[in-house]
Amino acid sequence: MEFEATTTKTCPISMTNHAYWNLCGHDSGDVLGHTAFINAQEYTAIDDKLIPTGDLVSVKGTPFDFYSKAKAFGQDIQQILPGYDHNFALEGGATLEPRLACDVSSSSSGIGMRVCTDAPGLQLYTASCLGRTKGKKGAIYGQHHAFCVECQSFPDAMNKPNFPTAIVKGGGKFSRVITHQFYIV
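What counts as what
- Residues numbered from 1 in each chain as written.
- Predicted model: local features only at pLDDT ≥ 70, side-chain atom pairs only at ≥ 80, totals over all residues.
- Heavy atoms only, no water.
- Helix = DSSP H or I, 4+ residues; strand = E, 2+ residues; numbered from the N terminus.
- Rg over C-alpha atoms; globule rule 2.2 N^0.38 Å.
- Buried < 20%, exposed > 50% of the residue type's maximum accessible area, 1.4 Å probe, protein only.
- Contact = heavy atoms within 4.5 Å.
- Areas by Shrake-Rupley, 256 points an atom, 1.4 Å probe, with all protein chains shown as cover.
- Lys, Arg positive; Asp, Glu negative; His and termini not counted.
- Charge placed at Lys NZ, Arg CZ, Asp CG, Glu CD.
- Pairing = 2+ DSSP bridges.
- Axes fitted to C-alpha atoms, helices over the stretch in contact; angles between N-to-C directions.
- Salt bridge = Lys/Arg side-chain N within 4 Å of Asp/Glu carboxyl O.

Peer 1: How should I be thinking about the overall build of the protein in this particular structure?
Peer 2: Across its full length, the protein holds 0 helices and 15 strands. Taken over C-alpha atoms, the radius of gyration comes to 17 Å for the protein, in line with the 16 Å a tight globule of 185 residues would show. Counting only C-alpha atoms and orienting by the principal axes, one finds that the protein spans roughly 45 × 35 × 30 Å. Counting the 185 residues in the protein, one finds 44% classified as buried. Considering only residue pairs separated by 6 or more positions, the protein has 69% of its internal contacts joining residues 24 or more positions apart. Carbon and sulfur atoms form 53% of the exposed surface of the protein, whose accessible area is close to 9,500 Å². Charged side chains in the protein number 15 positive and 17 negative. The centres of these two groups are separated by 5 Å.

The following block contains the structure:
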C-alpha cells in the first residue's frame, strides 16, 4: 500500500491501514497462539485513557518484548488485560525505504505474514475491545479473534516534542509505504 497526501496548510497526517487479521482464517477463534516478532526495542507508554505519556520504555523483560524472541500474543497478555493496544517504536525510526516492522505466523495454519514499512511506529491491537460482532456467514467474532498491526506515526506525536513529527508543512507532501508478504511456515 502506498499513501500520499499534499497539504495547502501545515497539519498533522498519519495514514495507516486498520485491517483485522486471523492467519487461521474466518471463524477460527482467537489469535492468542499466533507468534509475533516486532522490530522494536521500545514502546510508547500510555496512561489509563490509552494516550501516550511521551515516554519511550524498553520492551526488554516486559510483556511488550516481541523483539528478543518471537512469542505468542497470548503468552503475557494476562499481565496487560484486556490486551495489546500499544505503539512500538520501530528500529531506525522513519526510514527512506521500507524495512521489517513485524513478522506474525500461525503454526496451526502454517501461514505467516511479514509487514514492512517506512513508518516510525507500529500499533499492535489484539482486538481486546471487540465484542460479539457478527461477521460473514453469521460468524460471531469476539475478543482476541483478530489482530491489527498499524504502521503509523506515533499517536499524539503533535503534542510530544520528543516523538518523530507527524506534521507536514503547507505545500508539503506526506508519503507512507506498507507491504504485507504472506508465506508458508
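Peer 1: Quick question: what am I supposed to make of the pairing of strand 5 (residues 52–58) here?
Peer 2: Regular strands place side chains that alternate from one sheet face to the opposite one. Taken together, the 4 bridges between strand 4 (residues 40–46) and strand 5 define a ladder with antiparallel strand orientation. Bridging across to strand 5, Tyr43 finds its partner in Val57. Taking the residues between adjacent antiparallel strands as the criterion, strand 4 and strand 5 are bridged by 5 residues, where Leu50 takes a positive phi near 70°.

Peer 1: So what exactly am I meant to see when it comes to the sheet that holds strand 10 (residues 121–125) here?
Peer 2: Picture the strands of a sheet paired through backbone hydrogen bonds; they go either parallel or antiparallel. The 5 strands lie next to each other as 5-4-7-10-13, forming an open sheet whose pairing is antiparallel. Looking along the sheet, the strands with just one partner apiece sit at the ends: strand 5 and strand 13 (148–152). Pairs of neighbouring strands in the sheet enclose a mean axial angle of 30°, with direction left out of account. Bridge analysis of strand 7 (residues 85–90) against strand 10 gives 5 bridges, and the strand direction is antiparallel. Counted as the bridge partner of His86 is Leu124 from strand 10.

Peer 1: Any chance you could explain the environment of Gly92 here in plain terms?
Peer 2: Position of Gly92 relative to the elements: it lies in the loop between strand 7 and strand 8 (99–106). For Gly92 and Pro120, which are 28 residues apart along the polypeptide, the C-alpha to C-alpha distance reads 7.5 Å.

Peer 1: Looking at this structure, how should I read the sheet that holds strand 6 (residues 71–72)?
Peer 2: In space, the 6 strands of this open sheet follow the order 1-15-9-8-3-6, with antiparallel pairing throughout. At either margin of the open sheet sits one strand with a lone partner, and together these are strand 1 (2–6) and strand 6. The pairing of strand 3 (residues 35–38) with strand 8 spans 4 bridges and is classified as antiparallel. When the sheet's bridge partners are listed, Phe37 is paired in strand 8 with Asp103.

Peer 1: I would appreciate a short explanation of the pattern of salt bridges in the present structure.
Peer 2: A side chain of one charge can pair with a side chain of the opposite charge if their charged atoms are brought near each other. Counted by the stated rule, this structure contains 5 salt bridges. Residue Asp103 is joined to Arg114 by a salt bridge in which the shortest nitrogen-to-oxygen separation is 3.1 Å. Of this pair, Asp103 sits in strand 8 while Arg114 sits in strand 9 (residues 111–117); the two residues are 11 residues apart in sequence, bridging distant segments of the chain. Judged by relative accessible area, Arg114 falls into the partly exposed class, the value being 29%.

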